[in-house]
Amino acid sequence: MSDFRAMLASPYFNVSEGFFPNINLQDGLNWAEEFIQNVVIPRLPEAVAAHFPVELGTVLVMFGCAGIFVGVFPLLPLFLVLAERKVAARFQNRTGPMRVGPWGTLQTLADGVKLIFKEDFIPPQGDKFLFLLAPYIIFACSFAVFAAIPFGQNILVSDFNIGIFYIMAISSVIVMGVIMAGWSSNSKWSLLGSLRSAAQIVSYEIPLGLSILTIVMLVESLSMQEIVATQSNGIFSWLIFRSPFTFIAFFIFFISAIAEVNRTPFDLPEAESEIVAGFHTEYSGMRFALFFIAEYANMFAVSAIAVTLFLGGWEGVLPGYDILGGLPGFVIKTLALVFLMMWLRWTLPRLRVDQLMNLCWKYFIPIAFFNILGTGIWGLIFPEDTLISTSISCAIIYIGLIAAYKVAGRSLAQRPAPQPS
Amino acid sequence: MEITLTNLIFYGFALLTVASALVVVTVRNIVHAAFSLMVTLFGVAGLYVFLQADFLAATQVIVYVGGILVLILFGVMMTSGRLEMRIHIERGQLLLGGVITLALLMLLLTVIANTPIWKNLTDDGTALPPTTERIGELILNGPFLLPFEVVSVLLLVALIGAALISRKEVRD
């Protein structure tokens with residue numbers, strides 16, 4: 001027992017050494033501590049400075065940063081919701097919101113104000129405690145994912161050495177929030193939606209994880225910054241072009257990610273024509289807005305992860321051109337993927353449940369396993385990323401794309417044209 | 001004992017784990033018990049982080065919260081008509097349960113007391129290298145290769161069995 005106590009009292013458990021030294025939180029902590037030591041303390045009167053609790057100050061600085069983070073990030077969905085409506089309008093030959101502000105740019109702000117002032121209705125037959133808790137779980141987990149995403153060379157919360165694994169773990173908790181919301185609403189639509197969502201997320205997590213594995217095999221690290229660091233030599237060193245298998249893995253990852261965030265064509269959990277709005281049918285006002293914000297934050301997060309893993313992260317198209325630490329390039333790439341998601345949403349019809357499950361279990365998972373095998377063999381043949389391996393990989397991708405185009409074109413041409421009804 | 005923030009967080013996690021575990025076994029509503037189990041498993045993951053087992057912590061969350069607990073909830077929601085559990089407990093069961101619990105407690109206390117050094121914590125405050133690489137080496141290139149392969153074959157058999165049982169042609 002005494003060793004147990006010694007462990008707790010050891011200097012190891014000291015904030016100045018980092019909370020979780022093994023997860024490399026030190027960098028962030030040192031930054032906060034240096035801020036206290038170098039900026040705050042010299043400005044205080046000497047009597048106060050001598051007794052200033054550095055540890056407490058460090059924590060307060062960290063909380064402040066977290067506050068800024070939480071304050072700024074909901075603005076992102078604000079922008080994305082407007083973008084989604086504008087994109088949808090363009091696809092349907094409309095103009096979208098035009099009244100509030102110039103070109104309707106303040107429409108989401110007005111909607112937000114409306115949502116805040118709406119009645120906060122709680123179903124009397126439901127489970128009140130879980131009903132109130134569920135949006136916070138989803139919201140917190142969606143935003144906890146951002147802690148491990150590097151937005152630029154030094155613009156990141158923390159470089160965990162288990163980065164991508166942490167992201168997968170945290171985002172797998174979201175499904176608990178969804179089930180909680182669906183069950184506590186005590187409504188058929190909500191329960192159906194949440195069970196659909198849970199089945200879908202649990203299924204699509206497998207191809208998602210397997211395609212992340214191909215990247216981890218090549219990089220030999222789970223850390224997001226190291227994954228980015230291997231892609232620092234311009235566009236052809238991006239992991240998507242590293243081998244033909246990572247090229248396939250990118251598409252499996254991206255499509256599975258769309259399924260994970262419940263967006264059309266995989267939006268069965270909230271299919272309006274079948275189950276009203278799925279798991280958040282009973283929510284109103286600000287609680288509904290929390291779900292909405294979390295959904296758009298998720299969309300941005302999975303795009304950011306796809307960019308980090310496959311499209312070079314914050315590294316530029318040309319080696320050595322990282323403007324402002326790579327932040328603008330990263331945001332542009334991520335928003336391009338977000339736009340792709342919106343494009344798919346307003347183009348494709350919704351899948352049926354059996355199609356959804358077939359796609360996952362009969363196509364994606366076997367292909368993902370094949371990818372892992374192929375990546376292993378590729379890693380044995382080309383242990384280093386050289387010019388030759390990149391050229392061979394790009395050539396195979398090019399030939400494969402042309403072959404796929406020809407085959408797809410032929411099968412589409414043989415299909416009888418749909419008759420107008 | 002020095003009160004540091006780390007200590008407070010550690011005890012916070014410990015309290016979270018124990019309190020939610022108590023809720024799991026005492027609450028009558030079975031869905032509440034399941035959600036409380038989520039908090040327990042999360043708290044245990046937090047304690048793993050304090051033991052410098054980062055990979056294990058993430059695995060705990062991804063496997064138990066994201067996988068097994070979802071299955072438990074599926075089972076509860078799909079099967080039970082009424083959620084209030086009124087389990088009748090005989091006195092003999094209570095006695096037997098108490099004995100087993102005490103035995104387990106003694107066993108765990110012995111293990112805690114007899115562990116010479118908590119090897120994953122070093123006294124000079126330096127962090128150990130990340131565990132992911134060592135786990136990978138041990139499983140795929142070391143003494144645990146055979147158990148790992150045996151377990152994976154076992155899981156594959158279970159998977160095929162589940163697929164077979166749920167097929168319509170076999171069931172009818």
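What you are looking at is a predicted structure, and each value in this text was computed from that prediction instead of being measured.

Novice: Help me understand the overall build of chain A, please; the structure alone is not making it clear to me.
Specialist: Tallying secondary structure elements over chain A gives 16 helices and zero strands in all. Residue burial in chain A is summarised as follows: out of 421 residues, 42% are buried. Excluding contacts between residues fewer than 6 apart, the proportion of contacts in chain A whose partners are at least 24 apart in sequence is 77%.

Novice: How should I be thinking about the overall build of chain B in this particular structure?
Specialist: In terms of helices and strands, chain B carries seven helices and zero strands. The N-to-C order of helical and strand elements in chain B reads α-α-α-α-α-α-α. Pairs at least 24 apart in sequence give 56% of the contacts found in chain B among residues at least 6 apart.

Novice: Looking at this structure, I do not really get helix α13 (residues 285-310) of chain A. What am I missing?
Specialist: One full turn of an α-helix is made of 3.6 residues, so residues set three or four places apart face in the same direction. Taking 1.5 Å of rise per residue, the 26 residues of α13(A) would be expected to cover 38 Å, and the 38 Å separating its terminal C-alpha atoms lies within 8% of that figure. Counting buried residues along α13(A), 21 of its 26 residues qualify, which places the element largely inside the surrounding structure.

Novice: Would you explain unusual backbone geometry in this entry?
Specialist: Generally, phi is negative for residues other than glycine and the peptide bonds are trans, each holding for most cases. Residues and elements named next belong to chain A. For Asn93, which is not glycine, the phi torsion reads 60 degrees and is therefore positive. On the secondary structure map, Asn93 appears in the loop between α5 (75-91) and α6 (107-117). Non-glycine residue Glu220 carries a positive phi angle of around 60 degrees. Given 12 C-beta atoms within a 10 Å radius, Glu220 is considered exposed.

Novice: Sorry if this is basic, but what is going on with the nonpolar core here?
Specialist: Side chains of a nonpolar character, in soluble globular proteins, are inclined to be buried together. Counting residues in hydrophobic clusters, the biggest one holds 122 residues, and the most contacted among them are A:Ala306, B:Val61 and B:Leu69. A per-element tally of this core places α13(A) first, with 17 residues.

Novice: Could you clarify how one ought to interpret helix α15 (residues 353-381) of chain A in this entry?
Specialist: Residues and elements named next belong to chain A. Between its first and last C-alpha, α15 extends 41 Å over 29 residues, near the 42 Å set by a 1.5 Å rise per residue. In α15, a bend of some 35 degrees at Phe364 exceeds every other bend along the element, and Pro366, a proline, comes one to four places later. Among the residues making up α15, those that are buried are Leu356, Leu359, Cys360, Phe364, Ala368, Asn371, Thr375 and Trp378. Looking at the buried positions of α15, the neighbouring elements they touch are α9 (188-219) and α11 (244-260).

Novice: Whenever I open this one, the packing of α5(A) against α6(A) confuses me. Can you help?
Specialist: Two numbers describe a pair of packed helices, the interaxial angle and the distance between the axes. Residue and element names in this part refer to chain A. One way to put it is that α5 packs onto α6 with a least axis distance of 9 Å and a crossing angle of 115 degrees. Crossing hand, α5 versus α6: right-handed. Where α5 approaches α6, its residues Leu78, Val81 and Leu82 are matched on the opposing element by Gln107, Thr108, Leu109 and Gly112. Among the residues making up the contact of α5 with α6, the classes are represented as four nonpolar, three polar and no charged.

Novice: Can you walk me through the environment of A:Phe251 in this structure?
Specialist: Residue and element names in this part refer to chain A. Within the secondary structure, Phe251 is located in helix α11. Residue Phe251 is classed as partly exposed on the basis of its 14 C-beta neighbours within 10 Å. Remark: the alpha-carbon pair of Phe251 and Ala306, spanning 55 residues in sequence, is separated by 9.7 Å.

Novice: Teacher, can you tell me more about the packing of α5(A) against α13(A) here?
Specialist: All names here are of chain A. Axis separation between α5 and α13 bottoms out at 9 Å; the angle between their running directions is 85 degrees. Judged on the interaxial angle alone, α13 and α5 are roughly perpendicular. For the pair α5 and α13, contact is made by Leu76, Pro77, Leu80 and Val81 and by Phe292, Ile293, Tyr296, Ala297, Met299 and Phe300, respectively.

Novice: Looking at this structure, I do not really get the confidence of the model for chain A. What am I missing?
Specialist: Residue and element names in this part refer to chain A. Overall, the prediction assigns chain A a mean pLDDT of 78, with 83% of residues at 70 or greater. The least confident element of chain A, judged by mean pLDDT, is helix α1 (residues 2-9) at 41; the most confident is α11 at 89. Of the regions scoring below 50 in pLDDT, residues 1-28 engages in 62 contacts with residues more than four places distant in sequence or in other chains.

Novice: Looking at this model, I keep getting lost on the environment of A:Phe247. Mind explaining?
Specialist: All names here are of chain A. Along the polypeptide, Phe247 turns up in helix α11. Along the primary structure Phe247 and Cys394 are separated by 147 residues, whereas in three dimensions their C-alpha atoms are 9.5 Å apart. When neighbours within four sequence positions are excluded, Phe247 is seen to be in contact with Ile240, Phe241 and Ile397.

Novice: Help me understand the confidence of the model for chain B in this model?
Specialist: The predicted coordinates ought not to be read in detail in places where the model reports low pLDDT. Residue and element names in this part refer to chain B. When pLDDT is averaged along chain B, the result is 80; 79% of the residues meet or exceed 70. Across chain B, helix α6 (residues 145-165) holds the top mean pLDDT of 90, while helix α7 (residues 168-171) sits lowest at 62. Contacts for the low-pLDDT stretch residues 120-124, under 50 throughout, to residues beyond four places or in other chains number twelve contacts. Here the predicted complex carries an ipTM of 0.78, next to a pTM of 0.81.

About the cut-offs
Residue positions are given per chain, counting from 1 as you read along its sequence in written order. Chain letters and ligand numbers both follow the written order, the letters beginning at A and the numbers at 1. Owing to the predicted nature of the model, reporting of local features is limited to residues with pLDDT of at least 70; listing and counting of side-chain atom pairs is limited to 80 or more, with chain, interface and lining totals taken over all residues. A run of H or I in DSSP becomes a helix once it reaches four residues, and a run of E becomes a strand once it reaches two; helices and strands are each numbered from the N terminus. Exposure in this text rests on C-beta crowding, where 20 or more other C-beta atoms within 10 Å of a residue's own make it buried, 12 or fewer make it exposed, and counts in between make it partly exposed. The C-beta atoms are placed from the backbone. In this description, any two residues whose backbone-derived C-beta atoms lie within 7 Å of each other are considered to be in contact. A helix is expected to span 1.5 Å for every residue after the first. In this description, a nonpolar core means buried residues of the types Ala, Val, Leu, Ile, Met, Phe, Trp, Tyr and Cys, linked to one another by C-beta atoms lying within 7 Å. A residue's bend is given by the angle between axes fitted to the 7 residues ending at it and the 7 residues starting at it. All axes here are fitted lines through C-alpha atoms, helices being fitted over the stretch that makes contact, and every angle between N-to-C directions spans 0 to 180 degrees. The hand of a helix crossing depends on one turn: near helix anticlockwise from the far one by less than a right angle means left-handed, and clockwise means right-handed. For this classification, the nonpolar set comprises Ala, Val, Leu, Ile, Met, Phe, Trp, Tyr, Cys and Pro, the charged set comprises Asp, Glu, Lys and Arg, and every other residue, Gly included, is treated as polar. Roughly parallel here means an angle under 35 degrees, roughly antiparallel means over 145, roughly perpendicular means 65 to 115, and every remaining angle is called oblique. You can read pLDDT as the predictor saying how much it trusts each residue, on a scale of 0 to 100.

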